[in-house]
Each structure stands twice: as C-alpha cells, then as structure tokens.
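Here is what each chain is made of, one letter per residue.
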Amino acid sequence: MTRKAGATLRNVLALVLCLGASGLAAEAATPRADIRIGNPAPAFNLQTLDGKTVSIESFKGKVVLIDFWATWCGPCRKALPELKDLRQRNAREPLVVVSVSADEDRKTAAEFARQNGMDWLQAWDGQGKLMYGVLGISELPAYVLIDAQGRIAYLQRGWAPMSSAALLGQAVSRALETACKPNAAADKPC
C-alpha cells in the first residue's frame, strides 16, 4: 500500500469511527458474542506507551475502566474532561483507569497524553488487536468496565455530552461495590 493510500485509509477509518461515536454511522463490526455484560472479561495484555506490557489480570480485585480513544477523534477529546472528573471523584477507590490509544503512531498518543494531563496508565493499540480483535469495538470513544471479580460490568460505545458521563459514572459506582476496600470498616474489607 502506498503512503498516500495508507493515509487515505486512516482518514476514512477516523471518519467512520468518529461518526459512529456521534451516533451517525452504523457499527462497522459486531462485538464478539462473549463480550457481554456479566461475562468474564477475556485475558489480554496491554502495551503501555512507554513500551512495557501489563496484564489485565494484574488488576484482579480492582475495578478497571478501559477507555479507548485516539488523538484524531473529536468526541474522544470532548469526553476527556468527563473522564478526568470521574477519575478524580473516585481517587480513593480501587479503580484503575487505563486509556488505550488507537493512534497508529505511539509517539503522537504519548505527546497528546502528556500535553493533556492524562497522568494515569496509558496503553497503545495501534494495530487494533485488542480493540477490534479481542473486544470487537468499532467506534470511539468506547469504554469497557471490568468489575473486581473480572466480569464485564458495562460497555459503552460512542459519546454524548453529559449523558455518557452520567451513565459511566453510575456503572463505575455499581462496580466499585464489588471491590474490596482497604482501611474501610463498613465496606467490603480486603
């Protein structure tokens, strides 16, 4: 594939993903049958932006919110303040936020994350193996919430101002009820 054809293909994919995120395009791929709320999350590894590998299993006992995004996705950029707010509201909870960039270039994603104060775990899926292959996600932004028992607690594809944040916040609160809470007498102790 020529460089120009590759750039055109990336632009078309970006348009489809972002249109899908705004509700204007049909979903391009069907989610895998086993990726449903209540089912165990599949085991997978994440490649961090600094080149390390992290296993999703390493977060066992915690609630994990996986945020799929890209620098070229307008709705992803608009959703970022809501994600930061959600993370800040739950700073004392056993919640791990992992943002997974779908950008083709890891350096672009890393620079955007740094410039925009995304100081939580940042991963990269430039080939789409996790996003498309494992989880069957075809639009951005997308969120996969895994509860403390390793089950899928919530799935969200696309974004709408205010309503997306409210739904995601409610799902996180429910999932946090499944997690053990160190130093908490009344809550589920570890």
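Structure: see above.
(A) Expanded view of the sheet that holds strand 2 (residues 53-55). Read across the sheet, seven strands follow the order 2-1-5-4-3-6-7 without closing on themselves; strand pairing throughout is mixed. In the strand order of this sheet, the two ends are held by strand 2 and strand 7 (152-157), each with one partner. Within the sheet, the average angular offset between the axes of one strand and its neighbour, ignoring direction, is 30°. Sheet analysis places strand 3 (residues 63-69) next to strand 4 (residues 95-101), joined by seven bridges and oriented parallel.

(B) Representation of helix 2 (residues 74-89) within the structure. If you check helix 2, its first and last C-alpha atoms are 24 Å apart, about what 16 residues at 1.5 Å a residue would give, namely 22 Å. The largest bend along helix 2 reaches roughly 35° and is located at Leu80, with the proline Pro81 sitting one to four residues downstream. Within helix 2, the full set of buried residues consists of Pro75, Cys76, Ala79, Leu80, Leu83 and Leu86.

(C) Quick peek at the packing of aromatic side chains. Inspection of every chain in the model, using the stated rule, returns one aromatic pair. With 5.3 Å between their ring centres and 35° between their planes, Trp69 and Phe112 make a pair best called tilted. Highlighted residues: Trp69 in strand 3 and Phe112 in helix 3 (residues 106-115), separated in sequence by 43 residues. Here Trp69 falls in the buried class, since its relative accessible area comes to 3%.

(D) Here's a closer look at the nonpolar core. If you look at the biggest cluster of nonpolar residues, it comprises 54 residues, and the most contacted ones within it are Leu65, Ile66 and Phe68. Here the element with the most residues in this core is strand 3; it accounts for six residues. With residues near it in sequence (within four places) discarded, Phe68 still touches Cys76, Val100, Leu130, Met131, Leu135, Ile137, Leu140, Pro141, Ala142 and Val144.

(E) Spotlight on the environment of Gly74. On the secondary structure map, Gly74 appears in helix 2. For the pair Gly74 and Pro141, spaced 67 residues apart in sequence, the C-alpha separation works out to 9.2 Å.

(F) Examining helix 3 more closely. Looking at helix 3, one finds that the buried residues are Ala109, Phe112 and Ala113. Angularly, the buried residues of helix 3 cover 100° about the axis, an arc narrow enough to put them on a single face. Those residues of helix 3 that are exposed and aimed more than 90 degrees away from the buried face are Lys107, Arg114 and Gln115.

(G) Quick peek at the environment of Val54. Checked against the element boundaries, Val54 lands in strand 2. Residue Val54 is classed as buried on the basis of its relative accessible area, which comes to 16%. Spatially, the C-alpha atoms of Val54 and Phe44 are 8.7 Å apart, while their sequence positions differ by 10 residues. Beyond its immediate stretch of four places on either side in the chain, Val54 contacts Phe44, Asn45, Leu46, Thr48 and Phe59.

(H) Quick look at the pairing of strand 7. Bridging between strand 6 (residues 142-146) and strand 7 involves five bridges; their strand directions are antiparallel. Within strand 7, the position partnered with Val144 by the bridge is Leu155. Between strand 6 and the antiparallel strand that follows it, strand 7, lie five residues; Gly150 among them carries a positive phi value of about 85°.

(I) How the structure looks around the pairing of strand 3. The element strand 3 is extensively covered by neighbouring structure, given that seven of its seven residues are classed as buried. Going residue by residue along strand 3, you find Val63, Leu65, Asp67 and Trp69 tucked away on one face and Val64, Ile66 and Phe68 tucked away on the opposite face as well. Of the strand pairs in this sheet, strand 3 and strand 6 are connected by five bridges, and their pairing is antiparallel. Counterpart to Val64 in the pairing with strand 6 is Ile146.

Thresholds applied
Residues numbered from 1 in each chain as written. Predicted model: local features only at pLDDT ≥ 70, side-chain atom pairs only at ≥ 80, totals over all residues. Heavy atoms only, no water. Pairing = 2+ DSSP bridges. Helix = DSSP H or I, 4+ residues; strand = E, 2+ residues; numbered from the N terminus. Axes fitted to C-alpha atoms, helices over the stretch in contact; angles between N-to-C directions. Expected span 1.5 Å × (residues − 1). Bend = angle between axes of the 7 residues up to and from the residue. Buried < 20%, exposed > 50% of the residue type's maximum accessible area, 1.4 Å probe, protein only. Phe/Tyr/Trp six-rings, centres within 6.5 Å; stacked < 30°, edge-to-face > 60°. Core = buried A, V, L, I, M, F, W, Y, C linked by side-chain atoms within 4.5 Å. Contact = heavy atoms within 4.5 Å. Arc of directions from axis to C-beta.

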